[in-house]
Structures are given as structure tokens and as C-alpha cells.
Amino acid sequence: MKKTAIAIAVGVLAAGITGITVAGPEKIKYPSDYLKGTLYATVDRPDTKQYRELYASPGVVESVRAGKGVPSGAVLTLVQWSVQQDDKGVPLKGPDGRFIKKDILAHTVMEKRTGWGAEYGPEKRNGEWEYSAFTPTGEFNPKPNYDSCFQCHLPHAKLDFVTSLAKLAGKFPDASTVAKAPKGDVQIVGFQFMPAKIVATAGKPLKFLNTDDSPHFIVVTGRPKTEVLLRGQTASLTFDKAGGYNYICGLHPSMKGTIEVK
Ligand code: HEC
Ligand SMILES: [Cu+2]
């Protein structure tokens, strides 16, 4: 009995010394020097009334642009800012047409390291990435539902789970891509489906075109989701049965629309 207790105590001690921790957000340290990395993208988020800055740790942008992918040790920091709003709560825009940032609300971070993520099953695992979130002053925030980070980034598996990989890679489609794209029956413009209610014909494809900088994809209740659509990309859905269908964007659940199939 005594021997076992000592063995356990030694084991716990050894784990503490070698820094072995379980999978989860606590693996990631607050990247206090994120400003020394590369600011590779900024995003206006009308749905959450935020302005976001996306930083990559030094060397990451260079590696991705050289075709070597996201290296082990990469840290991506997303800084969430509140924005200035008019008295109706509509975000104001600066001379550059962009939201005007006010205060830092949070830092969300993803970090990739060789061997990380091995504890997770395929329904959760995002390669070798872990996710964490920190307060404006850099304290760990235990409150977010960390499973939701994995769920929302999982559809980006082909992009190494990085939603903004096209920006990181310097390959973001420009405005002419949208102009050249086949017109959608539903256009995604400024985080809205337009029109939000559409009538479709059974057996005939319905096309969705993303004109936004942000990626979106379509989730119709009870049906497989579409691919992630970058700017200028279209998805096509065909309904065989007449009826009413509700859908949302899988990345921005506040984006909603309905389809009436006749
Ligand atoms: C509702 C879907 C959703 C959830 C949940 C989500 N993300 Fe994201 N994440 C996105 C989108 C979309 C972007 C692209 C930037 C943007 O539009 O704000 C992004 C971008 C990021 C980025 C910048 C790198 C990249 O992938 O483009 C980081 C870092 C990040 N998220 C961390 C997190 C963390 C940490 C959590 C969990 C606390 C989380 N995310 C939860 C949708 C989500
Ligand atoms: Cu969306």
C-alpha cells in the first residue's frame, strides 16, 4: 500500500517537472508579443459588431507563402475589438470604409505543435492545433466553450483549419474574382443572404455566391453542409421535394435564410 502511494506521488511529481499537461486550452500561453508578428488580415464583422486583427507569429507568413505550410510552433492571434456605433447601434465607418475600432474585448489564439491533438477523436481533432482565449489584459479565460472552436474550424480541414489561410498565403481572391463568378440565386453580401427568402424549383439547382471577404458556408437543416465558400465561390443545392427549408451559415449562425421549394 505504502509503496503504491509513493509511486503515485513520484509519478505526479515527475509529470509536474516535465510539464506534461492534458490536451486543452491551458497548453497555450498568452502570446504577449503578438505585435512583433505579422498583421496579415483585418476583418469587419457586422454580425457581432466587431473589428478583428489577425496576427501570425514571426516566420509563419513566410513559410506559408513559400509553400511549406504552417510550421510547428505557429501562433495565430485574433484580436477582437468593439467598434464605434451610431445611436441606433449601427457600426460607424472610417474614411477607408472600414469599422472604427474602440476597445479590445478578447484575444483568441490557436497554436500548432508537433504531436498536439493526438488525444482527440476525428470528430474533434483539428490536426495539431489547440485553441485558447485570453482577456484584454492577457489572463486565460476558462469560460468559452472550447469544443466550439474545434467544431467551427473543422470544416477548414483542407486549409489546415485556418479560416483565413488564403490571406495568410497571400492568395486571397480579389474583387475581379467576384465579378467573374457565375451569379448566385442567393448572394452573400455583408454577412447576409440576399434575398433571405427565396423560392426554388424542385429538381433545379439553387446557387449561392459568396461576395464577402469572409468565408461562409450553407447548412440546411437535415442536409449535408456545403464546402466552405471563399469570396467569388459558389455552392449549388438541389431539392427534390417541395417544402420549406431553413438554413444558416455554418461559421456565422446568426446568418439565416429560408428556401421554399415548389
Ligand atoms: C462560429 C464559428 C467559430 C467559432 C465558434 C470559433 N471560430 Fe475562430 N474563426 C472563425 C472565423 C469565421 C474566422 C475568420 C476570421 C473572422 O471572420 O473573424 C476565425 C478565425 C480565427 C483565428 C484566426 C486564424 C484563422 O483561423 O483564420 C483564430 C486564432 C481563432 N479563430 C480562434 C478561435 C478560438 C480560440 C475559438 C474558441 C474560443 C474560436 N476561434 C471559435 C469562426 C469561428
Ligand atoms: Cu458566414
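Residues numbered from 1 in each chain as written. Chains lettered and ligands numbered in written order. Predicted model: local features only at pLDDT ≥ 70, side-chain atom pairs only at ≥ 80, totals over all residues. Heavy atoms only, no water.

With that settled, consider the domain arrangement of the chain. Domain annotation for the chain reports domain 1 (22-168) and domain 2 (175-261). Using only C-alpha atoms to locate each centre, domain 1 and domain 2 end up separated by 25 Å. Facing the 12 residues of domain 1 at the interface are 13 residues of domain 2. When the two sides are added together, the surface that domain 1 and domain 2 hide from each other amounts to roughly 920 Å², 66% of it contributed by carbon and sulfur. Contact with domain 2 buries surface across domain 1, with Asp47, Cys152 and Pro155 losing the most and accounting together for 36% of the total. Our enumeration of links across domain 1 and domain 2 arrives at one salt bridge. (Domains from an automatic or database assignment. Contact = heavy atoms within 4.5 Å. Buried area = accessible area lost by both parts, 1.4 Å probe. Salt bridge = Lys/Arg side-chain N within 4 Å of Asp/Glu carboxyl O.)

This part covers the coordination of the iron atom of ligand 1. With respect to protein ligation, the iron atom of ligand 1 binds only His153 (NE2), at 2.2 Å. Take histidine 153: it is sitting in helix H3 (residues 146-153). (Donors = N, O, S within 2.8 Å, 3.2 Å for Na, K, Ca; no water. Helix = DSSP H or I, 4+ residues; strand = E, 2+ residues; numbered from the N terminus.)

With distances of 1.9 to 2.2 Å, the protein atoms coordinating the copper ion (ligand 2) are His216 (ND1), Cys249 (SG) and His252 (ND1). Here the donor residues for the copper ion (ligand 2) map to a single chain with the spacing H-x32-C-x2-H. Placement of the pair is histidine 216 in the loop between strand E9 (206-210) and strand E10 (218-220) and cysteine 249 in strand E12 (residues 243-249), with a sequence separation of 33 residues. Pair check on accessibility: histidine 216 and cysteine 249 agree, each one buried. (Buried < 20%, exposed > 50% of the residue type's maximum accessible area, 1.4 Å probe, protein only.)

Its place among the elements puts arginine 231 in the loop between E10 and strand E11 (234-237). Owing to a relative accessible area of 17%, arginine 231 belongs among the buried residues under this scheme. In terms of polar contacts, arginine 231 uses its side chain to reach the side chain of aspartate 213, at 3.0 Å. Arginine 231 has contacts with Phe172, Pro173, Asp174, Ala175, Thr177, Val178, Asn210, Thr211, Asp212 and Asp213, leaving out every residue within four places of it along the chain. (Polar contact = N/O pair within 3.5 Å; in protein donor to acceptor, adjacent residues only side chain to side chain.)

On to the side chain of serine 164. In this fold, serine 164 is placed in the loop between H3 and helix H4 (165-168). For serine 164, the residues in contact, after removing those within four places along its chain, are Tyr40 and Leu54.

A word on the pattern of salt bridges. Applying the stated criterion to the full structure yields nine salt bridges. Notably, a salt bridge pairs arginine 45 with aspartate 47, separated by 2.8 Å at the nearest N-O pair. Its salt-bridge partner being glutamate 227, residue lysine 158 comes within 2.9 Å of it at the nearest N-O pair. Residue lysine 158 is located in the loop between H3 and H4, and its partner glutamate 227 is located in the loop between E10 and E11; the two are separated by 69 residues in the primary sequence. Summarising the burial analysis for this pair, lysine 158 and glutamate 227 share the class exposed.

A separate point is the site of ligand 1. If you check the shell around ligand 1, you find 22 residues, and the closest are Arg52, Cys149, Cys152, His153 and Ser164. Here a nitrogen atom of ligand 1 sits 3.0 Å away from a polar atom, N or O, in the side chain of histidine 153. Residue serine 164 places a side-chain N or O atom 2.5 Å away from an oxygen atom belonging to ligand 1. When contributions to the shell around ligand 1 are tallied by element, the ones reaching two or more residues are strand E1 (38-45), strand E2 (50-56), strand E3 (75-83), strand E4 (101-112), strand E5 (129-134) and H3. A class-by-class count of the residues in the shell around ligand 1 yields 12 nonpolar, eight polar and two charged. Split by domain, the shell around ligand 1 shows at least three residues from each of two domains, domain 1 (22-168) and domain 2 (175-261). (Near = heavy atom within 4 Å. Nonpolar A, V, L, I, M, F, W, Y, C, P; charged D, E, K, R; others polar.)

On to the environment of asparagine 210. Mapping asparagine 210 onto the fold places it in strand E9. Along the primary structure asparagine 210 and lysine 183 are separated by 27 residues, whereas in three dimensions their C-alpha atoms are 9.6 Å apart. Once residues lying within four places of it in the same chain are set aside, the contact partners of asparagine 210 are Ile188, Pro215, His216, Leu229, Leu230, Arg231, Gly232 and Gln233.

The next thing to look at is the environment of alanine 157. Its place among the elements puts alanine 157 in the loop between H3 and H4. Counting along the chain gives 31 residues from alanine 157 to asparagine 126, while the straight-line C-alpha distance between them is 7.2 Å.

With that settled, consider the confidence of the model for the chain. Residues with a pLDDT of 70 or more make up 92% of the chain, whose mean pLDDT is 91. Taken as a whole, residues 1-19 scores under 50 in pLDDT and shows one contact with residues more than four places along the chain or in a different chain. (pLDDT = per-residue confidence, 0-100.)

This paragraph deals with the packing of aromatic side chains. Scanning the model with the defined rule gives nine aromatic pairs in all. Seen in terms of ring centroids, tyrosine 34 and tyrosine 55 are 5.0 Å apart; in terms of plane orientation they differ by 65°. Their pairing is edge-to-face. One end of the pair, tyrosine 34, is in the loop between helix H1 (2-18) and E1; the other, tyrosine 55, is in strand E2, and 21 residues separate them in sequence. Assigned by exposure class, tyrosine 34 and tyrosine 55 land together as buried. Taken together, the ring pairs in this structure connect Tyr30, Phe134, Phe140 and Tyr146 into an aromatic cluster. One Lys or Arg, lysine 167, reaches over the ring of phenylalanine 172 and ends 4.3 Å from the middle of that ring. (Phe/Tyr/Trp six-rings, centres within 6.5 Å; stacked < 30°, edge-to-face > 60°. Lys NZ or Arg CZ within 6 Å of the ring centre and 35° of its normal.)

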